Amino acid sequence: MNLARLLVRTAATFPERPALIHGQELLCDYRGLALRAARVGSFLRHDLSLAAGERICLWMSNTPEYLEILYGAWFAGLVVVPINLKLHPREVEYILQDSGAAALFVSADLVGQSKNWAGQPRLRGVFVPGTLDYARLYRAEPMAEPLFRAQDDIAWLFYTSGTTGRPKGVMQTHANLLTMISCYFMDLDTVSPDDGTVYAAPMSHAAGMLNFPHIIGAARHIIPRSGGFDPQELLELAEYHGRLTLFAAPTMVKRLVDYVEATGADPSGFRTIVYGGGPMYVEDMRRALRVMGERFVQIYGQGETPMTITALSRHHLGDSEHPRYLERIASVGVSQTLVEVRVADAQGCALLQGETGEVVVRGPSVMKGYWNNPEATAQAIRDGWLFTGDVGSFDEDGFLTLKDRSKDVIISGGSNIYPREVEEVLLQHPQVEEVSVVGQRHDEWGEEVVAFVVTKDGRPIDAGELDDLCLQTIARFKRPKQYRFVPALPKSSYGKVLKTALREQLAAG
Ligand code: AMP
């Protein structure tokens, strides 16, 4: 079943319900949104001659055209590749190449950052929404209905940086995403036509995934004028529209809570705030509940099983009389309805409750594999279980608490940063002998990047020089905020750098 059918069905049942809103301005109803998607699909299929299964990339900030491009591509049976807008143009070029993108949609604010599309052999068109050139997509004769897609066909290629530094394309099928949607309704929330979702976090990630339940529910899709996260704007939108759902990384929740506490703004226009993507500290959640009330739900997932591992419900977050309440709000909740979640040892054998091991997942939400990367797929999915790389333990009631991330991913402001990628860049400096990058807890961003550097002559290097090196190849948010020059790195007897020791050193000040 093709995901585009979700939009077609809602457009038939609720044609005049408001669908797309930019700030406070209504742009189109459901009939209009489905028609735009059918035209975009037709343009891609007929004018551009793209065949089902070809990939189109979206390197876009949150703009009103985002949804019509996603659904237009699905109409035509294509695979969407939404790219993190914060990536460096070189990283974007790698993804274009690796996915073999046939078309690129790039938002006007990003188009100036790279001109190197000519080097992409398969690229047949670059489109900038909002321009006259883009408007010709609306003139295409609309497709009568979406192409047939089987459950196992790929809908979304989600690029995630691997520990090897090379981003990997997670193949999410139509069935994977339909499973995610089913679990949303079973474990997270309901959605009615009076509700809405506001896209303040990048639509290329979890926030964009919330579009599905809201399309099914014939709810409103609100794109903030700023295109991003601005607490004042969000509170104003919530007050104006009411009954909104917001996806927010823990750092965004924190900033929202700070704003509400400082200004006394009324948060009641938010019906639900879905948080996840990184650890939420207990004290932060207690404060959020105190200041903003019981409007939170937590989700734990990863690209490889999109949004679908565990959930912590509104009920459990509000059940403050429960004897294990604090443990529960420190947890990521219980396994979602359609997946099996275990904590396993290195061989994949299930561990007992209370024991700590790697979180593994089995079920219809688990990816088809990594794009063109059977070795990485075989490593991630073993005997039908997805090895998440996260470490945790279950309690007696089935609540999972994450202890650490075995892959040493640093999560800063909701974005994942893979140390190896940063290390490889820093190692390009001629004076750098060795380097190890770890995360240090940061009140606002969750974590910040710290690089421990051993230099060849033992003398520190100017931080500006190392920053410049990073800015040449990786996204700005990934560069270290601190460089610590040390005579040697702590190592195990196997010669492996002990990142835990480095983190302890940072924690001890
Ligand atoms: P991504 O594939 O970019 O979505 O990143 C997924 C990773 O983010 C997971 O493997 C976890 O390490 C982390 N993560 C996601 N949700 C949560 C959560 N609710 N609490 C703690 N960590 C999370």
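Residues numbered from 1 in each chain as written. Predicted model: local features only at pLDDT ≥ 70, side-chain atom pairs only at ≥ 80, totals over all residues. Heavy atoms only, no water.

### Looking at the site of the ligand
We count it as follows: Here a residue counts as near a molecule or strand whenever at least one of its heavy atoms sits within 4 Å of it. Here a polar contact means two N or O atoms within 3.5 Å. Within protein one must be a hydrogen donor candidate and the other an acceptor candidate, and residues neighboring in sequence count only if both atoms are side-chain atoms. Here, Shrake-Rupley sampling with a 1.4 Å probe gives the accessible areas, and only protein chains in the shown set may cover a residue. Numbering of helices and strands runs from the N terminus; a helix is a DSSP stretch of H or I covering at least four residues, while a strand is a stretch of E covering at least two. Gly is placed with the polar residues, together with every amino acid not listed as nonpolar (Ala, Val, Leu, Ile, Met, Phe, Trp, Tyr, Cys and Pro) or charged (Asp, Glu, Lys and Arg).
By nearness alone, 16 residues border the ligand, and Q298, I299, Q302, G303 and D390 come closest of all. Residue I299 places a main-chain N or O atom 2.9 Å away from a nitrogen atom belonging to the ligand. The separation between an oxygen atom of the ligand and a polar side-chain atom of Q302 is 2.9 Å. Relative to its unbound accessible area of 500 Å², the ligand is 87% covered by the protein chains. When contributions to the shell around the ligand are tallied by element, the ones reaching two or more residues are β13 (296-302) and β21 (400-405). Examining the composition of the shell around the ligand, we find that five residues originate from one element, β13, more than from any other. Here the residues of the shell around the ligand are counted per class, giving six nonpolar, eight polar and two charged.

### Some thoughts on the sheet that holds strand β26 (residues 482-485)
Note the following rule: Strand pairing requires that DSSP identify at least two bridges connecting the strands. Simply put, an axis is a line fit to the C-alpha atoms, just over the touching stretch for a helix, and the angle between two N-to-C directions goes from 0 to 180 degrees.
Pairing is mixed across the open sheet formed by three strands, whose spatial order is β24-β25-β26. Of all strands in the sheet, those bounded by a partner on one side alone are β24 (432-442) and β26. Taking each pair of neighbouring strands and ignoring which way they run, the sheet shows an average axis angle of 25 degrees. Bridge count between β24 and strand β25 (residues 446-455): 10 bridges; the pairing is antiparallel. Among the inter-strand pairings, G439 is bridged to a residue of β25, identified as V449.

### Overview of unusual backbone geometry
Here is the rule we go by: Each residue is placed in one exposure class: buried if its accessible area under a 1.4 Å probe, protein chains only, is under 20% of its type's maximum, exposed if it is over 50%, and partly exposed if it falls in between.
Phi is positive for A218, which is not a glycine, with a value near 55 degrees. Of note, A218 is situated in the loop between α8 (211-216) and β10 (220-223). Given the relative accessible area of 0%, A218 is considered buried. Within the chain, N372 stands out as a residue other than glycine whose phi angle is a positive 55 degrees.

### With respect to the domain arrangement of the protein
The cut-off we apply is this: For the domain bounds, the source is a domain assignment made automatically or taken from a database. Any two residues having at least one pair of non-hydrogen atoms within 4.5 Å are treated as being in contact. For any pair of parts, buried area is found by adding up, for both, the accessible area (1.4 Å probe) each one loses once the two are put together. Whenever a carboxyl oxygen of Asp or Glu lies within 4 Å of a side-chain nitrogen of Lys or Arg, that contact is scored as a salt bridge.
Looking at the assigned domains, one finds that the protein contains domain 1 (4-394) and domain 2 (409-507). In this structure, domain 1 and domain 2 have C-alpha centres spaced 30 Å apart. The partner domain 2 presents 21 residues to the 20 residues of domain 1 that form the contact. Summed over both partners, the interface of domain 1 with domain 2 buries about 1600 Å², with 49% contributed by carbon and sulfur atoms. Across the contact surface, domain 1 and domain 2 share one salt bridge. Linking K478 and E91 is a salt bridge whose minimum nitrogen-to-oxygen distance equals 2.6 Å. At the boundary of domain 1 and domain 2, one finds six residue pairs in polar contact (both at pLDDT 80 or more). Looking at the side of domain 1 that touches domain 2, the elements that each hand over two or more residues are α4 (89-99), β7 (154-161) and α10 (250-263). Looking at the side of domain 1 that touches domain 2, the element that brings in the most residues is α10, giving three residues.

### Description of the pattern of salt bridges
The tally for this structure, following the rule as stated, stands at 24 salt bridges. In this structure, E16 engages R31 in a salt bridge whose closest nitrogen and oxygen atoms are separated by 3.6 Å. Here the residue E16 occupies a position in the loop between α1 (4-13) and β1 (18-22), and R31 occupies one in helix α2 (residues 30-47), the gap between them amounting to 15 residues. Taking relative accessible area as the criterion, E16 reaches 60% and is therefore assigned exposed. Measuring nitrogen to oxygen at the nearest pair gives 3.7 Å for the salt bridge that ties R459 to D457. Beyond isolated ion pairs, a larger network of salt bridges with shared partners links D189, D195, R243, R271 and R314.

### Notes on a negative patch on the surface
Going by this rule: For patch detection, residues must exceed 30% relative accessible area and be free of salt bridges, and they are connected within 9 Å for like charges or within 5 Å for nonpolar side chains (Val, Leu, Ile, Met, Phe, Trp, Tyr). The charge count includes Lys and Arg as positive and Asp and Glu as negative, but it does not include His or the ends of the chains. A charged residue contributes its charge at one atom only: NZ of Lys, CZ of Arg, CG of Asp or CD of Glu.
A contiguous patch of negative charge on the surface is contributed by D230, E236, E239 and D266. Note that D266 resides in the loop between α10 and β12 (270-276). Taking the relative accessible area as the measure of exposure, D266 reaches 39% and is therefore partly exposed.

### Some details on helix α11 (residues 282-292)
By the burial criterion, the buried members of α11 are D284, M285, R287, A288, L289 and M292. Buried positions along α11 lie against α10, β12, β13, α12 (314-318) and α13 (325-330). Residue G293 follows α11 closely and has a positive phi angle near 85 degrees.

### Brief notes about the side chain of H221
Note that H221 resides in strand β10. Ignoring anything within four residues of it in the chain, the contact list for H221 reads A19, L20, I21, Y30, L67, T197, Y199, N211, H214 and I215.

### Quick notes on the environment of A101
For A101, the position within the fold is in the loop between α4 and β5 (103-106). Note on A101: relative accessible area 3%, which makes it buried. Separated by 294 residues in the primary sequence, A101 and D395 have C-alpha atoms spaced 45 Å apart. Those residues in contact with A101, other than ones at most four positions away along the chain, are R55, C57, L96, R122 and L123.

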